[in-house]
Structure formats: structure tokens, C-alpha cells
Amino acid sequence: MSPNKAETRKACVRPSHFDILWLPRAAMRSVEGDPSDCILVVGVSRPKMAMAILAVMLLSLFLTFHMIYDSALHSFQSASVEHSRPPPLLLLSRHLYPTAARRLPQAIIIGVRKCGTRALLEMLYLHPMIQKAAGEVHFFDRDENYNRGLEWYKMKMPHSYAGQITIEKSPSYFVTPEVPERIRAMNASIKLLLIVREPVTRAISDYTQLRAHAATASPVSPTPPPKSFEQLSLLPNGSINEAYRPLAISVYHNYVHRWLEVFPREQILIVNGDLLIEDPVPQLQKIEKFLGLEPRIGNHNFYFNETKGFYCLRNETSGRCLRETKGRRHPRVDPTIVAKLRKYYGEHNQKFYELIGEDLGWPEE
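Presented here is a report on the structure given in the accompanying data block. (Residues numbered from 1 in each chain as written. Predicted model: local features only at pLDDT ≥ 70, side-chain atom pairs only at ≥ 80, totals over all residues. Heavy atoms only, no water.)

**Section: the sheet that holds strand E11 (residues 310–314)**
- Across the sheet, three strands lie side by side as E10-E11-E12; this open sheet has antiparallel pairing. Of all the strands in the sheet, just strand E10 (302–305) and strand E12 (319–320) have a single pairing partner and so form its edges.
- Strand direction decides the pairing type here: E11 and E12, joined by two bridges, are antiparallel. Pairing of Arg314 across the sheet is with Gly319, part of E12. (Pairing = 2+ DSSP bridges. Helix = DSSP H or I, 4+ residues; strand = E, 2+ residues; numbered from the N terminus.)

Listed below in C-alpha cells is the structure:
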């Protein structure tokens, strides 16, 4: 062995206090242009030291992954809350996204039918802290659903984050006798939204929808032409047909007293559906305050559609209107019948005002 090689090998011997092995460059395949005399061999000669180093490496990898994951999770949650949308499905599992879950509603739109319940729900959904059920669940008013239990009901709710409010709407809740007690059994402190319109306008809207549904149904046999609103609203002797369903539902005090027997007045917010159509923002601001939410919905969320004749919704990225079945054009009703019905509702409206402690100023002639 030449003196130079001996010196190199001697110089490459590892110190006694290291567990890292150095080998002379001559022992490995040479790489052109590499001036190093020794190379580091990745290996550890002491088992305990090897386990310690491995543990440190694994812990470092775990902490790094945790920091990256936590940062990504926070970004998804912030973006989803800002845009009021659920996170990607992958992150909805309890293991990867434990803060997103289905929750029983903390607020319910209980009615009234044909007073703008769908429009109200869609408008509230503009708020980033509100999540809504996709359709009318009919849990409390249909025995076949109610008997399935609260877990079935909860599975009909959307995923939401802690701090968000889940809302559903089923207008038939308002007129179904069993519903107030059933809702209280679920949550005695729940917030209830009741949207109402001028009774005659609501009744005509109800008639319009029923007639539209009858026209699109497949008849099994020839059917007579539909009766007009005037024919259905009056009996042959000229008196009001109080049994006609669209007229009966507009007698609000017959139903609201049941709710006030079960819930305190401060848990029920009366929303003026006529004003919601004309100028949505003030009504929505009342609801934000009622629900304890930070004011977020403003004029920037709406634009008036001249063709449809009502306000459409706008978020950060796009605008949209309610579907075509909403905002149907009402048939022309004989003004004398309208005046007669308003006079009929005058006394009923006063009873409703007394129960809710608010005068909505509906015309009585």
C-alpha cells in the first residue's frame, strides 16, 4: 500500500464518539470531478442510537404533516364559511373534518303558505353563517316522518360548522295542530320565523298555485273547467265560503294562538311578506338581529328584475332569481269581491294584531 493511500484511509477513520461511518473515496466508484477523499455512509452502528434517530425523524415528519394539514383545514373552513358552502366531501368525514356535521335546526320557518317562505329562506342563505335544508322536510306535520325519529330528521339537515345556524322551512307546520308541541319537545329555545302577507293577496296566490297544479296534473277522465276565485270564495247565497281552504288559512289568529300557548312571544318573529317583496333588506336585518347574527346582508345582495317584477339575489360571484313557479301572475279578481273579503278579514286581522302585539296595517276595504 502506498504511503498516500495509507494516509487517506487513516484520515477517513470515524472518530470514536460518532456512529456515522466514513469510507475512503477509493473504496467507492469514482465520479469524475468529485474532489472529496471520503464519503458519508448513511448508517448507524449502535441500535439504541438508531432507534432514537428514527424516532426523531418520524416525529418531525408527523409534526410537519400536521402543520400542513391544519393550515389547509383552516383555509377550507374560512373559505367555506365566507361563501356559505360546505367543504369538499373528503373533508366532511368525522375523521378528517370533525367540525363539520349535520345538526338539528336552531331556527325554523313555520309558514305561512304562499307568503314567501321559499324566497325568505333563499335570502337568508346569503348570510355566511346560515345553512339551509334543501327542501321541505315535513318532519313535524307528517306522522310517517315524525315516527322515524330525530336522527332521521337530522340526516335531512345540511352539514354546518359550529356557530352556524341551520334553518329549514315547511309552511304546513303553521296550520298543523300537533306541530308546536313536537317542536318544543325537540328544542324549547328554538327561534321561529312566521312570514305573513295581506290575507286576500295570500288567498289569491294560494288559489293561483292550486289551479296551476290542477292544470298540469294528468287527468284520468275529462274534467270540468276550473272555477274562478270568485266562485270558490262565495257561497250561492253570497256569503263568504269560510270552508274554502285558501280563505281559511288567511285567518291567521286561528292558528297563531296555538304557537303562543307553547312558545313565548319573543321566540317568534313575524316577518312582513309584503314588505319583504318590496324592500327585502330591512326585513332581513330584523331577522339577523333576531337570530343573533352579525349584519351581513345588504343592498348589494339584490337587484330588481324588471321582467319578473321582483328582486333577485346576488352573491360574490353571480346573481339568480327564484324558479319560474315563484311569482306567478295572479288572475284578475272582481274588485267588489276583493273589497268584500277585506271587510270580512278586518275583524280577524285585529285579533291577529292583538295576539302578536303588532299592527301590520292591512287594508280593510
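**Some remarks on helix H10 (residues 253–262)**
- Residues of H10 that are buried: His253, Tyr255, Val256, Trp259 and Val262.
- Along its buried surface, H10 packs onto strand E4 (107–111), helix H6 (179–186), strand E8 (191–196), helix H9 (245–249), strand E9 (268–272) and helix H13 (335–356). (Buried < 20%, exposed > 50% of the residue type's maximum accessible area, 1.4 Å probe, protein only. Contact = heavy atoms within 4.5 Å.)

**A closer look at the state of the cysteines**
- The tally for this structure, following the rule as stated, stands at one disulfide.
- One disulfide bridge connects Cys312 with Cys321, the sulfur atoms lying 1.7 Å from each other. Here the S-S torsion is close to 90°, and the disulfide linking Cys312 with Cys321 is therefore right-handed. (Disulfide = S-S within 2.5 Å.)

**Quick word on the sheet that holds strand E5 (residues 130–132)**
- The strand order across the open sheet built from five strands is E5-E7-E4-E8-E9, with neighbouring strands paired in parallel fashion. Each edge of the open sheet carries a strand with a single partner, namely E5 and E9. Between one strand axis and the next, the sheet turns through 25° on average, direction left out of account.
- Inspection of the sheet shows E4 paired to E8 by four bridges, in the parallel sense. (Axes fitted to C-alpha atoms, helices over the stretch in contact; angles between N-to-C directions.)

**Quick notes on the pairing of E4**
- Counting buried positions along E4 gives five out of five residues, so the element sits mostly inside the fold.
- Two strands pair when backbone bridges link them, and E4 and strand E7 (residues 165–169) are joined in this way by three bridges, in the parallel orientation. Looking across to E7, one finds that Ala107 is bridged to Ile167.

**Some details on the environment of Tyr244**
- With respect to the secondary-structure elements, Tyr244 resides in the loop between helix H8 (229–233) and H9.
- Sequence-wise, Tyr244 and Leu232 are 12 residues apart; in three dimensions their C-alpha atoms are separated by 7.0 Å.
- Look past the residues within four positions of Tyr244 in its chain and what remains in contact with it is Tyr207, Phe229, Leu232 and Ser233.

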